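One letter stands for each residue in the lines below.
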Amino acid sequence: MPHLHEVAMSKRQGKDMKIHQVYKHSLGLILLSFAVTGCGSDQDSVSSTLPEVEQTCPTVMDETLFADAAALEKLVQVGPEFGQLRSTGSQVHNQLIDWIEVEAKKIPGMQIQSDSYEIERWQPMMQAENGKGRSLSRSGSLSVNSQDIPIAGAVPYSLGTSDAGNTGQLVYLASNQPITAEHRGKIIVREIPTAQDPDPKIANMVAPPYTFLFQFAKYLSSALNELQTQQYDKPFLAAELMNKDLIAAGKVGAAGLILGFDVPREQVKDYFDPHNGLHYRLPAVFLGSDEFVEIKALAASKMGARIVVKAERDKAMTRNLIATLPGMSEEKVVFVANTDGNTWVQENGVGGMVALAQYFAKLPLKCRPKTYEFAFNTGHLHISKEGTFRYAEKLNEEYKAKKVSFVFAVEHLGTREIIAKPRLDGGFGRTLEFSGRAEPQAWFVAEDHLLMQKVAIEAAQRRNLPAVMISTGQDQPVQNRLPKQCDFGGIGNASHKNLIPTMATISGPWSLWAPSFGKDAIDFNLMRNQLLAIGDSVLALQKHSQAEIDGPYAAWRVARDQGKLVCSHSTNSGVEDAPATLQ
């Protein structure tokens, strides 16, 4: 189902597929040879006459005016062309934000603002093989008795070491064994848990039954029915367990941490998660399945090892880019996506939002009863200072002033399903393969919001979305809380948990954080249909009164003002260092 980055209740992960993609450098699309004006400025605007393209206003998206699959591919391709790793505040990430600004300024009537802020940036130090940006897989190493053991990559935000690295005795811990003071000075070996974990509680955490997620669905595509007996086995759901291990190992003074996948190294090369934006207090590396089996055996023999991470930390500026297309009123419909990423999937909502902005600008002003705002936000790979949650603070004030209608969060579009299958070569673990189906897509709408639910279902059916679940959340309902479900799986939480009317669409395939799948991870025709459905729902909702759009959110906000239990969050805490000592 959904991707669920910051998933409240269920943080689990599964696995699925291979295919080492070599990116083709067709930079003909990018043409950033012209100057990017106004980058980083607080206020820039470009205005021109909005074209009147038709006499009557559309009630659904006009496919003939919307970007085709090839155009969407070119928009999404821009980020990976700049560099595979577009970590928060990096040069490559900044290039992508600059490009978005250039594209937005081409749209007639679009007004541009930037919100810049400082972060404690983390970056791997070694250049990527193709010279574009930095590389996780080239910025770490592991050796035993001077024999190198190939790694999949350095763990994001792990502590940089000297060239000599850290040394210590290898010690293997099962997923349910705690990290304690006795592991001080040791290099801890831990398998990333999956649906196969021997501890049922942990297996259920990282790979919940689809039936748990489906119970909250208001609509399911028929193709999802065959998943009723299966588990939602995706690796991003293990991120919080990895985060806790990294914190715990740092607190006890471990020399290092090794996290092992149960799929081949080439399939998870340069994997980027956890993305909490916490600077950990020890070096850590990822291993693929074959290397993990080797290191686990060496740990059983109490061998010593050397771990090296070449990474740096510094202060850097990053920015949210806000593009606003004025309508007949100042009241805004807001689209949000993140701009940082490391795959073709992670921030492809950017390309989708550019296409939507281009489409809505073609409509005559009379067909835009509300203003459209496109928030291209930073910091999703640095959640301690998550840009969308920062933006939502301002949005919350604007909503109080009746300047915001509703929010649509757009993430991880067009994804093809990748599943983990048993290896046939006799090796340990599983291997990842495309299933030939669409990845399950979550489309979140609030409980009791019958209008939004109806609009979403009609849009999904109109566009024949093959694997969509229209759902009220992915967390266990809390009966005395308003609303009972708070988790929309990703950056949609920024507005939903602030009790601003929200829809959010998201998916969570293996290709979310594993870049090896390249553009093969995306079905651009599916992506287009998803965007048409998003546009349909916006056009449908904007015809309704604000009281109808507010729906149950109005009562929830009153309850919050009265001090009752409502949704809340600790995202965007501003705390960028992992805890240092045991409590």
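Here, every reference points to the structure presented above.
The structure reproduced in this document is the subject of the present report. (Residues numbered from 1 in each chain as written. Predicted model: local features only at pLDDT ≥ 70, side-chain atom pairs only at ≥ 80, totals over all residues. Heavy atoms only, no water.)

**Examining the side chain of Asp197**
As for its position among the elements, Asp197 is in the loop between β7 (187–191) and α3 (200–206). Buried within the structure, Asp197 lacks any salt-bridge partner; its nearest side chain of opposite charge belongs to Arg190, at an N-O separation of 8.2 Å. Side-chain polar atoms of Asp197 contact the backbone nitrogen of Asp199, separated by 2.9 Å. (Helix = DSSP H or I, 4+ residues; strand = E, 2+ residues; numbered from the N terminus. Buried < 20%, exposed > 50% of the residue type's maximum accessible area, 1.4 Å probe, protein only. Lys, Arg positive; Asp, Glu negative; His and termini not counted. Salt bridge = Lys/Arg side-chain N within 4 Å of Asp/Glu carboxyl O. Polar contact = N/O pair within 3.5 Å; in protein donor to acceptor, adjacent residues only side chain to side chain.)

**Details of the pattern of salt bridges**
Enumeration over the complete set of coordinates arrives at 36 salt bridges. A salt bridge links Arg319 to Asp98; its shortest N-O distance comes to 2.9 Å. Of this pair, Arg319 sits in strand β12 (residues 311–325) while Asp98 sits in helix α2 (residues 91–105), and the two are 221 residues apart along the sequence. Overall, the relative accessible area of 22% leaves Asp98 in the partly exposed class. Here Lys454 and Glu458 are joined by a salt bridge, their closest N and O atoms 2.8 Å apart. You can see Lys454 and its partner Glu458 sitting in helix α9 (residues 450–462), four residues apart, about one turn around the helix. The partly exposed category is assigned to Lys454, whose relative accessible area is 48%. The class of Glu458 is partly exposed, set by a relative accessible area of 33%. What emerges from the salt-bridge pattern is a single network uniting Glu63, Arg462, Arg463, Arg528 and Asp536.

**What about α2?**
With 15 residues, α2 should cover 21 Å at 1.5 Å per step; its first-to-last C-alpha distance of 21 Å lies within 8% of that length. Across the 15 residues of α2, 11 count as buried, placing the element largely inside the fold. Within the sequence span of α2, burial applies to Val92, His93, Leu96, Ile97, Trp99, Ile100, Glu101, Val102, Glu103, Ala104 and Lys105. (Expected span 1.5 Å × (residues − 1).)

**Focus: the pairing of strand β18 (residues 441–445)**
Across a regular strand the side chains alternate sides, sitting on one face of the sheet and then on the other. For β18, a buried count of five out of five residues is recorded, marking the element as mostly surrounded by other parts of the structure. In this structure, β18 lies alongside strand β19 (residues 468–471), joined through four bridges in parallel fashion. Opposite Ala442, over in β19, you have Met469 as the bridge partner. Read as a crossover between parallel neighbours, the route from β18 over α9 to β19 is right-handed. (Pairing = 2+ DSSP bridges. Right-handed = clockwise from strand over helix to strand, strands pointing away.)

**Quick notes on the packing of helix α1 (residues 69–82) against helix α11 (residues 524–541)**
Where α1 meets α11, the axes come as close as 9 Å, and the angle between the chain directions of the two elements is 95°. By the angle between their directions, the pair α1 and α11 is classed as roughly perpendicular. Counting all contacts with α1, which are made through Ala69, Leu72, Glu73 and Val76, the residues of α11 involved are Phe524, Asn525, Met527, Arg528 and Leu531. Residue composition of the contact of α1 with α11, grouped by class: six nonpolar, one polar and two charged. (Axes fitted to C-alpha atoms, helices over the stretch in contact; angles between N-to-C directions. Parallel < 35°, antiparallel > 145°, perpendicular 65-115°, else oblique. Contact = heavy atoms within 4.5 Å. Nonpolar A, V, L, I, M, F, W, Y, C, P; charged D, E, K, R; others polar.)

**Considerations on empty space enclosed by the protein**
Using the criterion set out here, one finds three cavities of 30 Å³ or more in the structure. Volume-wise, the largest cavity comes out at about 70 Å³. If you trace the largest cavity, you find it lined by Leu75, Val76, Gly79, Pro80, Leu96, Thr343, Trp344, Glu347, Asn348, Val350 and Gly351. Of all the elements in the fold, those that place two or more residues in the lining of the largest cavity are α1 and α7 (349–362). Broken down by element, the lining of the largest cavity gets its largest block of residues, four residues, from α1. Of the residues belonging to the lining of the largest cavity, the class tally is six nonpolar, four polar and one charged. (1 Å grid on protein atoms, 1.4 Å probe; cavity = no way out; pocket = protein on both sides within 12 Å on 5 of 7 lines; lining within 4 Å. Points joined across faces, edges and corners; volume = space filled by probe spheres on them.)

**Remarks on the packing of aromatic side chains**
Considering all chains together, one arrives at 24 aromatic pairs under this definition. Note on Phe444 and Phe488: the rings are 5.4 Å apart at their centroids and 15° apart in plane angle, and the pair reads as stacked. In this pair, Phe444 is assigned in strand β18 and Phe488 in the loop between β19 and α10 (493–496), connecting sequence segments 44 residues apart. This pair shows no difference in class: Phe444 is buried, exactly as Phe488 is. Relative to Trp556, the ring of Tyr553 has its centre 5.0 Å away and its plane inclined at 70°; by these criteria the two rings are edge-to-face. Here Tyr553 and its partner Trp556 are both found in helix α13 (residues 553–561), three residues apart, which amounts to about one turn of the helix. A residue is classified by how much of its surface remains accessible, and Tyr553, at 0% relative accessible area, is buried. (Phe/Tyr/Trp six-rings, centres within 6.5 Å; stacked < 30°, edge-to-face > 60°.)

**A word on the state of the cysteines**
Tallied over the entire structure, the rule returns two disulfides. Between the sulfur of Cys57 and that of Cys367 lies a disulfide, 2.0 Å long from S to S. Disulfide Cys57-Cys367: the torsion about the S-S bond is -85°, which places it as left-handed. Taken together, the residues Cys57 in the loop between β1 (44–45) and α1 and Cys367 in the loop between α7 and β14 (371–377) connect sequence positions 310 residues apart. The exposure class of Cys57 is partly exposed, given its relative accessible area of 38%. Take Cys367: its relative accessible area is 3%, and that puts it in the buried class. In this model Cys486 forms its disulfide with Cys567; the gap between the sulfur atoms is 2.0 Å. The chirality of the disulfide connecting Cys486 with Cys567 is left-handed, given an S-S dihedral of about -90°. Taken as a pair, Cys486 in the loop between β19 and α10 and Cys567 in the segment after α13 lie far apart in primary sequence, 81 residues in all. (Disulfide = S-S within 2.5 Å.)

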